[in-house]
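Geometric and topological summary
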Amino acid sequence: MIMVDSTIVTVATPALIQDLDAEVNSVVWVTSAYLLAYAVPVLITGRLGDRFGSKNLYIAGLVVFTLASLWCGLTESVGMLIVARIVQGLGASMITPQTMAIITRIFPAERRGQAMALWGATAGVALLVGPLLGGVLVDGLGWEWIFFINIPVGIIAILLAIRLVPRLDTHPHRFDWLGVALSGAGMFALVFGIQEGHQFDWGTVTGVITVPRLIIGGLLILAAFVFWQARNSSEPLVPLGLFKERNFSLANLAIMTISFAFTAIGFPLMLWAQLVRGLSPTQSALLLVPMALMSIVLAPVVGRLTDRLHPRSITAVGFTTTGLALLWLALGLSPDVPYWHLLAPMALMGAGSAGIWAPLSATATRNLPQHLAGAGAGVYNATRQIGAVLGAAAIAVLMDARLSANGLEFDPAHAVAGAALPPQAHAAFANAMGEALLITPAVLVLGLAAVLMFTRPAHAQR
């Protein structure tokens, strides 16, 4: 549910632009605000689960997430929707580390790979299913229902969690509130600077605050955060000792890149489908069906192999396949491209992603000690969400920049959701969206380099 909400808004972008009289960048913030509010607290919510009980934090997070979903659906302005999404992201940050920490603690190392593979596959499939579910809901019931759908799911999940989720031993922790403040301020300044830079022509935001100062300031604050984590002798928010485990460090870098790519692709693809080809939200989302089906079909196969094969074998194939599929998709995004020319790379992308999400999750946590399960889960999920935040911010900048470069001053506030652009604008808009998408395979090259350096886990069978 919480991973679906990372991508479900993308297909509703034209509808939100029209109904809330918003700009593209504001609607991208509906996703970015959720991802940012999800990413920053997740560093400490893993520790809170260790201290107060994973089950308690999991149920509390479900309550916050479900109520915030109701708030999202009832809002009537894009500003209030962004605020509600922030609260929803806070609820999500309470949930995710608990699921990963519980799996790490209740499964022995030799069986943890298959269990974590199912966890990773669920997250990966959810990212693919989000736009498809969003399309059906936007067409059938309205954009509000992409949030209302969480309410019955949340209630059922709360009841099942109370009955079925085990209570595990807790561990005392001291909480690094300075670390929380530094990481939050740094991430916000960096993401705001990147995403809003084009809107302010990379100049002054207000007073003495400029876009370059925001970005540089964010990087400096994040550097101060790392310095503080190294100097904090009591209990840092991010125990840097985690990164002495080579596979954990590499898996974090790799998950950041794939999360970046999969968050970024939805915005240009859905805008192209609805505004160039005139497809409805549901029809647009159907373009993702081959990707989702291939990922779902192959996920069990990959799960069985995760505990048996060297993680480099599976993930390298996954990253290579996904990167080539994204390059194929970006280069083929023209006004009159046959749909099957897009469905083929989408299927290839689904096959590749099946070899990424689950094996990365299993590899990241396999050799972590039990007492660092919560911290490790928090860091891994924060890294994944940071990648998603940066992906949403970067694609917003690139779409704006490439539209201008292609000579198209596009005002989406006057576009009707689901209606085609004027024919004379088709080529320029399609070119801009395809060029923006080229960042995704480029980023995946970094992920491929990371997984090629994986070492064999201690508990692999061969």
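Conventions we followed
Residues numbered from 1 in each chain as written. Predicted model: local features only at pLDDT ≥ 70, side-chain atom pairs only at ≥ 80, totals over all residues. Heavy atoms only, no water. UniProt positions renumbered as here; feature names shortened; annotations may be inferred. 1 Å grid on protein atoms, 1.4 Å probe; cavity = no way out; pocket = protein on both sides within 12 Å on 5 of 7 lines; lining within 4 Å. Points joined across faces, edges and corners; volume = space filled by probe spheres on them. Helix = DSSP H or I, 4+ residues; strand = E, 2+ residues; numbered from the N terminus. Nonpolar A, V, L, I, M, F, W, Y, C, P; charged D, E, K, R; others polar. Phe/Tyr/Trp six-rings, centres within 6.5 Å; stacked < 30°, edge-to-face > 60°. Buried < 20%, exposed > 50% of the residue type's maximum accessible area, 1.4 Å probe, protein only. Core = buried A, V, L, I, M, F, W, Y, C linked by side-chain atoms within 4.5 Å. Contact = heavy atoms within 4.5 Å. pLDDT = per-residue confidence, 0-100. Salt bridge = Lys/Arg side-chain N within 4 Å of Asp/Glu carboxyl O. Axes fitted to C-alpha atoms, helices over the stretch in contact; angles between N-to-C directions. Parallel < 35°, antiparallel > 145°, perpendicular 65-115°, else oblique. Expected span 1.5 Å × (residues − 1). Left-handed = near helix turned anticlockwise from the far one by under 90°.

If you check an unreviewed UniProt entry, the protein appears there as DHA2 family efflux MFS transporter permease subunit from Nocardioides cavernaquae. The protein has a UniProt comment under Subcellular location (unreviewed entry) that states "Cell membrane". On record in UniProt, under Sequence similarities (unreviewed entry), the comment for the protein is "Belongs to the major facilitator superfamily. EmrB family."

**Concerning the layout of surface pockets**
Of the volumes computed, that of the largest pocket is approximately 740 Å³. Tyr58, Ile95, Thr99, Trp119 and Thr122 are, among the 24 residues lining the largest pocket, the residues nearest its centre. Listing elements by their share of the lining of the largest pocket, those giving two or more residues are helix 5 (54-74), helix 6 (78-106), helix 7 (109-140) and helix 9 (150-164). Partitioned by chemical class, the residues of the lining of the largest pocket number 20 nonpolar, three polar and one charged. Size it by volume and the second largest pocket reaches roughly 540 Å³. Taken together, 22 residues form the lining of the second largest pocket, with Phe225, Phe243, Met256, Thr383 and Ile386 sitting closest to its centre. Every element with two or more residues in the lining of the second largest pocket is listed here: helix 10 (177-196), helix 11 (211-231), helix 12 (246-275) and helix 18 (373-405).

**Examining the packing of aromatic side chains**
Scanning the model with the defined rule gives five aromatic pairs in all. With a centroid separation of 6.0 Å and an interplanar angle of 65°, the aromatic rings of Tyr34 and Tyr38 are classed as edge-to-face. With Tyr34 and Tyr38 both in helix 3 (residues 24-39), this residue pair falls four residues apart, about one helical turn. By relative accessible area, which is 0% here, Tyr34 ends up buried.

**A closer look at the nonpolar core**
Membership of the largest hydrophobic core comes to 135 residues, with the highest contact counts inside it found for Ile258, Trp272, Met349, Leu360 and Met433. With 17 residues, helix 12 is the largest single contributor of residues to this core. Look past the residues within four positions of Leu360 in its chain and what remains in contact with it is Ala251, Ala254, Ile255, Ile258, Thr315, Phe319, Tyr380, Val451 and Phe454.

**What about the confidence of the model for the protein?**
Mean pLDDT over the protein stands at 81; residues scoring 70 or higher make up 90%. Within the protein, the element-level pLDDT minimum falls on strand 1 (residues 204-206), averaging 71, and the maximum on helix 20 (residues 439-451), averaging 94. Contacts from residues 411-419, a stretch scored under 50 in pLDDT, to residues over four places away or in other chains number 19 contacts.

**Points about the pattern of salt bridges**
This model, assessed by the stated rule, comprises one salt bridge. Between Glu435 and Arg402 there is a salt bridge whose closest N-O contact spans 2.8 Å. Taken together, the residues span a long stretch of sequence, with Glu435 in helix 19 (residues 426-437) and Arg402 in helix 18 at a distance of 33 residues.

**Side note on the packing of helix 15 (residues 311-331) against helix 20**
Running from amino to carboxyl end, helix 15 crosses helix 20 at an angle of 170°, the nearest separation of the two axes being 9 Å. As far as their axial angle goes, helix 20 and helix 15 are roughly antiparallel. Together, Arg312, Thr315, Ala316, Phe319, Thr320, Thr322, Gly323, Leu326 and Leu327 of helix 15 and Thr440, Pro441, Leu444, Gly447, Leu448 and Val451 of helix 20 make up the contact between the two elements. Partitioning the contact of helix 15 with helix 20 into residue classes produces eight nonpolar, six polar and one charged.

**So, helix 19**
What sets the pattern is the α-helix's 3.6 residues per turn: residues three or four places apart point alike. Compared with an ideal rise of 1.5 Å per residue, which puts twelve residues at 16 Å, helix 19 spans 17 Å between its outermost C-alpha atoms and is within 8% of the ideal. Burial analysis of helix 19 places nine of its twelve residues in the buried class, the great majority of the element. Looking only at helix 19, the buried set comprises His426, Ala428, Phe429, Ala430, Ala432, Met433, Gly434, Ala436 and Leu437.

**Remarks on the side chain of Asn150**
Within the secondary structure layout, Asn150 lies in helix 9. A relative accessible area of 4% places Asn150 in the buried class. Here Asn150 is in contact with Met1, Asp5, Phe65, Thr66, Ser69 and Gln88, once residues within four sequence places are set aside.

**Some words on the packing of helix 12 against helix 15**
Look at helix 12 against helix 15: their axes get within 12 Å of each other, and the N-to-C directions meet at 25°. Classified by the interaxial angle, the pair formed by helix 12 and helix 15 is roughly parallel. Taken as a pair, helix 12 and helix 15 cross one another with a handedness that is left-handed. Facing Ala254, Thr257, Ile258, Ala261, Phe262 and Ile265 of helix 12, the residues of helix 15 in contact are Phe319, Thr322 and Leu326. The class makeup of the residues in the contact of helix 12 with helix 15 is seven nonpolar, two polar and no charged.

**Some remarks on the environment of Met1**
By the element assignment, Met1 lies in the segment before helix 1 (4-7). Judged by relative accessible area, which is 28%, Met1 ranks as partly exposed. Separated by 125 residues in sequence, Met1 and Ala126 have C-alpha atoms that sit 7.5 Å apart. Contact partners of Met1, with chain neighbours within four places excluded, come to Leu62, Phe65, Asn150, Val153 and Gly154.

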